[in-house]
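Fold and contact review
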Amino acid sequence: SNSFCTLLMFFAIALFFAVLVAAGTGAIRSESDRMRWLSMFLDVTDDPSVTAEVSAGMTEHGRTFDVCQLHFVQCRNAVPRAVRFSGIAGKLSLDRIVSPIEEITVEDAALSHALDLSLMSPTIMAAHFRRVKSKSVSESSRVVLGPARRRLRHLTVASCGVIGFDLGSVASLETLDLSGNPLGDAVELSNLPRALTALNLSGCGMNGAAAERIATLPPQIRVLDVSNNALTGPMPCTYAGDLRELHLRRNLLTGPLCATLPATLVHLDAAFNRLDGSVGDMKEWWSLSYLNLHSNRLTAVDSWGDFPPDLEELFLGENLLTGTIRTASLPTKLRVMSLQHNNFSGEVALESLPSTIEHVDVSHNRLSGVPNVRDLPAGVREVFLQHNNFSGTLALTEMPVGVSRIVFHHNAWTMELPSEFNDL
């Protein structure tokens, strides 16, 4: 019994010293990592604000300084995983940003040299550069990614003055944003990584027939933004895969709307084009919740009951639409209805709007009669009735209490404002 107790005591003492040694080793490793990370950040840029903060961490705070306190560092489990530099000036040594960093973001920077993405560590999974300017131009204004980028999933190089790109064999890339660069004819969609699911080429100076350019897209695209370009021809209607979002606004598209689009489409924005004809049957666009056809040349709505059943936001303002507005036939989930600056006429039954409606704009039309604002759906927040031919008296004091704004000037009212509105 005594020998057993002695043996147990020796075992406890040995375990105690083992824990002490392990703790000491962990502390040494932690201090070593801390100094390695601080040295890495000090070598990345010579921006005065960054170097001052890092230098203070290396000297003033000693062993108590936590690298995760640096304003440009984001940590996970006490380990730095992402860096975000905003407004820096001077050098940016991408080759110095190594493991454990997996994500880089640089915004509003003025570099003293070319932005060379080929220097990025192969361990980087996401890289975002927005409004990064360089004193060097010409060939340096190309996005070039070398091989060995098997981990890179997300890449943004937006509004950086890029005039060309070579993504090499980055087969892993899932999202790509090159918006705001003067790429022009340098955009060849057929050469993009085939695993892409989101592509943003807004404001890149693209031209030519939209349908032909888009036909060569990677097959897995879910989100496509080619807005703010000079694409011409009819609206592209055929897409591979399960497209979810399509942004076509501010191009030069002409002709009628598509008769069919992918049933998976949730968001369609084709505003500010030259599309004409009528708004036809969209009932088969089951998933569409956002439809923006603002500022085109559309002339009629064939049937107000033919909009997508799950539509929540509808923008048809600034077209050439005529006829009457059939509010009782609108989709039951509609929250926003924007029909301003058209040629709609007749009465509009505001009381028949969907119960989900929040924003109603029928201003700048030829609507007449007395709008029933007393029986507006309870969820309405804003109503715009100005510049029509409405007449009679509005029941302003009997509107739902949730209405925060109603605009009704430039009509043919025969009423005086209630006293409650005199101080407005």
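Fair warning: this is a prediction, and the values are worked out from it, not measured in the lab.

**Brief notes about the pattern of salt bridges**
Per the stated rule, a full pass over the model turns up 16 salt bridges. Between Glu 102 and Arg 76 there is a salt bridge; the shortest N-O distance is 3.3 Å. Of this pair, Glu 102 sits in the loop between β3 (89-90) and β4 (103-111) while Arg 76 is found in strand β1 (residues 73-76), placing the two residues 26 residues apart along the sequence. A relative accessible area of 19% means that Glu 102 is categorised as buried. Since its relative accessible area comes to 44%, Arg 76 is described here as partly exposed. Taken together, the shared-partner salt bridges in this structure form one network comprising Glu 312, Glu 313, Arg 335 and Glu 358.

**What about the sheet that holds strand β19 (residues 297-301)?**
If you trace the five strands from one edge of the open sheet to the other, you get β11-β13-β15-β17-β19, paired in parallel fashion. Two strands bound the open sheet, and with one partner strand each, they are β11 (207-209) and β19. For this sheet, the mean inter-axis angle between neighbouring strands, taken without regard to orientation, is 15°. Summarising the sheet, strand β17 (residues 274-279) and β19 pair through four bridges and their orientation is parallel. In the strand pairing of β19, Ser 278 is matched with Ala 300.

**Notes on the packing of aromatic side chains**
Overall, the coordinates contain seven aromatic pairs when judged by the stated rule. On the numbers, 5.5 Å between centres and 45° between planes, the contact of Tyr 290 with Phe 315 is tilted. Here Phe 315 lies in strand β20 (residues 313-315) and Tyr 290 lies in strand β18 (residues 290-292), a separation of 25 residues in the sequence. Members of the aromatic cluster, connected to one another through ring pairs, are Phe 41, Phe 72 and Phe 85. Seen from the ring of Phe 272, Arg 250 lies directly overhead, with NZ or CZ sitting 3.8 Å from the centre.

**Some points on the pairing of strand β15 (residues 252-255)**
The side chains of a regular strand alternate, first on one face of the sheet and then on the other. Here three bridges tie strand β13 (residues 230-234) to β15, and the two strands are oriented parallel to one another. In the strand pairing of β15, Thr 232 is matched with Leu 252. Alignment of β15 against β17, held across two bridges, turns out to be parallel. Residue pairing for β17: Gly 255 is matched across the bridge by Leu 275.

**Some words on the environment of Ala 270**
Examined against the element boundaries, Ala 270 turns out to sit in the loop between β16 (267-269) and β17. A sequence separation of 24 residues divides Ala 270 from His 294, and the C-alpha atoms of the two residues are 7.5 Å apart. Ignoring anything within four residues of it in the chain, the contact list for Ala 270 reads Leu 248, Arg 249, Leu 275, Asn 292, Leu 293 and Asn 296.

**Notes on the state of the cysteines**
On inspection of all chains with the given rule, the structure shows two disulfides. The disulfide bridge from Cys 68 ends at Cys 75, spanning 2.0 Å between sulfur atoms. Measuring handedness by torsion sign, the sulfur bridge of Cys 68 and Cys 75 sits at about -100° and is left-handed. A relative accessible area of 31% means that Cys 75 is categorised as partly exposed. With its sulfur 2.0 Å from that of its partner, Cys 237 forms a disulfide with Cys 258.

Criteria and thresholds
- Residues numbered from 1 in each chain as written.
- Predicted model: local features only at pLDDT ≥ 70, side-chain atom pairs only at ≥ 80, totals over all residues.
- Heavy atoms only, no water.
- Salt bridge = Lys/Arg side-chain N within 4 Å of Asp/Glu carboxyl O.
- Helix = DSSP H or I, 4+ residues; strand = E, 2+ residues; numbered from the N terminus.
- Buried < 20%, exposed > 50% of the residue type's maximum accessible area, 1.4 Å probe, protein only.
- Pairing = 2+ DSSP bridges.
- Axes fitted to C-alpha atoms, helices over the stretch in contact; angles between N-to-C directions.
- Phe/Tyr/Trp six-rings, centres within 6.5 Å; stacked < 30°, edge-to-face > 60°.
- Lys NZ or Arg CZ within 6 Å of the ring centre and 35° of its normal.
- Contact = heavy atoms within 4.5 Å.
- Disulfide = S-S within 2.5 Å.

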